[in-house]
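# Results of the structural survey
What follows is each chain in one-letter form.
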Amino acid sequence: METKNIIFELRTKNKLSQNDLAEKLHVTRQAVSRWETGETMPNTETLKLLSKLFDVSINTLLGSPRQLICQCCGMPLEDSSISREMDGTFNEEYCKWCYTDGKFVYSSLEELTDFLVEHMSNEDWSPVQARAYFETQLPKLNYWKQVK
């Protein structure tokens, strides 16, 4: 879905007029109208405000142009699983299980690997297979590249 349709849907779903939305964002009603017709796009700061107001990620506002994955554990991210900063804004880099209240949950790659092996292995995927997979894949994620 295009950004113009997403903004329109979110605005109407929340029973806001273009004037109401404009007031909340400190923009003109004409600006909202231009976004909804696709004539213009909200700037980065306005996208952040829309994200917070409607409780959706910027990725969602932009029509989910890319599949987000947690850069700590590799889990695909949806709006319901994206972590948040202390001020409530989305942090689209991590899931809420790896990054909570502005802090990382796992202190080491080994700790995360142990947790994932325990919870992800099953009769079709043995703990040995799961461990080999995670030990190969997790170090490729941005968080673990930075920690090194």
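Note: the structure precedes this text.
Rules of the game
Residues numbered from 1 in each chain as written. Predicted model: local features only at pLDDT ≥ 70, side-chain atom pairs only at ≥ 80, totals over all residues. Heavy atoms only, no water. Helix = DSSP H or I, 4+ residues; strand = E, 2+ residues; numbered from the N terminus. Buried < 20%, exposed > 50% of the residue type's maximum accessible area, 1.4 Å probe, protein only. Phe/Tyr/Trp six-rings, centres within 6.5 Å; stacked < 30°, edge-to-face > 60°. Lys NZ or Arg CZ within 6 Å of the ring centre and 35° of its normal. Core = buried A, V, L, I, M, F, W, Y, C linked by side-chain atoms within 4.5 Å. Contact = heavy atoms within 4.5 Å.

## Structural notes on unusual backbone geometry
Backbone geometry at H26 places phi at a positive 60°, although glycine is not the residue there. Turning to its location among the elements, H26 is positioned in the loop between helix 2 (18-25) and helix 3 (29-37). On the basis of relative accessible area, H26 is assigned to the exposed category, the value being 72%. At D55, a position not held by glycine, the phi torsion is positive, near 60°. Structurally, D55 is set in the loop between helix 4 (44-54) and helix 5 (58-61).

## Concerning the packing of aromatic side chains
The full count for this structure, using the stated rule, is 10 aromatic pairs. Taken together, Y94, Y99, F104, Y143 and W144 form an aromatic cluster joined through their ring pairs. One cation-aromatic arrangement involves R84 over F90; the distance from NZ or CZ to the ring centre is 4.2 Å.

## Points about the nonpolar core
C70, C72, C73, C98, L112, L138 and W144 are the most contacted members of the largest nonpolar core, which totals 21 residues. Ignoring anything within four residues of it in the chain, the contact list for C98 reads C70, C72, C73, K103, F104, V105 and Y106. Among the nonpolar cores identified, the runner-up in size contains 15 residues, and I7, L21, V32 and L61 belong to it.

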